[in-house]
Amino acid sequence: PVSTGFALQFWFGVLVTRTDAGSWALSYVSCLMTTLLKYAGLGAAFVFGDDLLAFFAFSVLPIILYFSAIISLLAYLGALQVVFKYGGAALANFLAVSEAEGIVTVANVFLSMTEAPLLLTPLLPGLSRS
């Protein structure tokens with residue numbers, strides 16, 4: 001599984017850096033995320049004013065709160081669960097690991113390491129103790 005994971009990362013890197021479609025997709029997602037972060041910065045400037053944005057607490061923490069709110073909204077609507085379920089199952093089949101490990105691996109991309117294991121709560125009764 002480790003060598004398969006390295007191979008997956010390598011070929012994903014080749015896809016996004018050496019092909020036009022992969023490069024375009026990475027650039028597009030990067031522009032979307034940059035725009036999203038600019039909205040958070042504009043909101044922080046509106047609430048706190050431009051003078052306080054020089055301080056860490058007034059410039060970085062609102063962005064974290066904003067992104068966390070978006071992730072919570074997507075989780076509430078069920079969009080993230082679909083990505084976690086199908087992405088985790090695909091990764092589990094590809095890497096020959098359990099579905100629970102696949103789900104947590106995919107969830108770690110979007111959630112923190114403390115929130116991702118909470119997704120396994122419904123799966124706990126069917127898991128082995130190993």
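Heads up: these notes are all about the structure in this document.

Conventions used here
- Residues numbered from 1 in each chain as written.
- Predicted model: local features only at pLDDT ≥ 70, side-chain atom pairs only at ≥ 80, totals over all residues.
- Heavy atoms only, no water.
- Patch = residues over 30% accessible without salt bridge, like charges linked within 9 Å, V, L, I, M, F, W, Y side chains within 5 Å.
- Areas by Shrake-Rupley, 256 points an atom, 1.4 Å probe, with all protein chains shown as cover.
- Salt bridge = Lys/Arg side-chain N within 4 Å of Asp/Glu carboxyl O.
- Helix = DSSP H or I, 4+ residues; strand = E, 2+ residues; numbered from the N terminus.
- Buried < 20%, exposed > 50% of the residue type's maximum accessible area, 1.4 Å probe, protein only.
- Core = buried A, V, L, I, M, F, W, Y, C linked by side-chain atoms within 4.5 Å.
- Contact = heavy atoms within 4.5 Å.
- Phe/Tyr/Trp six-rings, centres within 6.5 Å; stacked < 30°, edge-to-face > 60°.

So, on to a nonpolar patch on the surface. Taken together, Trp24, Tyr28, Val29, Leu32, Met33 and Phe67 make up a surface patch of nonpolar side chains, about 610 Å² in accessible area. Here the element with the most residues in the nonpolar patch is helix 2 (residues 20-48); it accounts for 5 residues. With respect to the secondary-structure elements, methionine 33 resides in helix 2. With relative accessibility at 35%, the residue methionine 33 sits in the partly exposed group.

Our next topic: the nonpolar core. Side chains of a nonpolar character, in soluble globular proteins, are inclined to be buried together. Ranked by size, the top nonpolar core spans 13 residues in total, and within it Phe84, Ala107 and Leu111 carry the most contacts. Contributions of two or more residues to this core are made by helix 5 (79-95) and helix 6 (99-110). Element by element, the count of residues in this core is highest for helix 6, at 5 residues. Apart from residues lying up to four places away in sequence, alanine 107 is in contact with Phe84, Ala116 and Leu119.

Below, the discussion takes up the packing of aromatic side chains. Within this structure, the stated rule accounts for 3 aromatic pairs. Ring geometry for phenylalanine 48 versus phenylalanine 58: centroids 4.8 Å apart, planes at 65°, classification edge-to-face. In this pair, phenylalanine 48 sits in helix 2 while phenylalanine 58 sits in helix 3 (residues 56-59), placing the two residues 10 residues apart along the sequence. The exposure class assigned to phenylalanine 58 is partly exposed, which follows from its relative accessible area of 26%.

Honestly, that's just the spatial picture; any functional story needs more than this.
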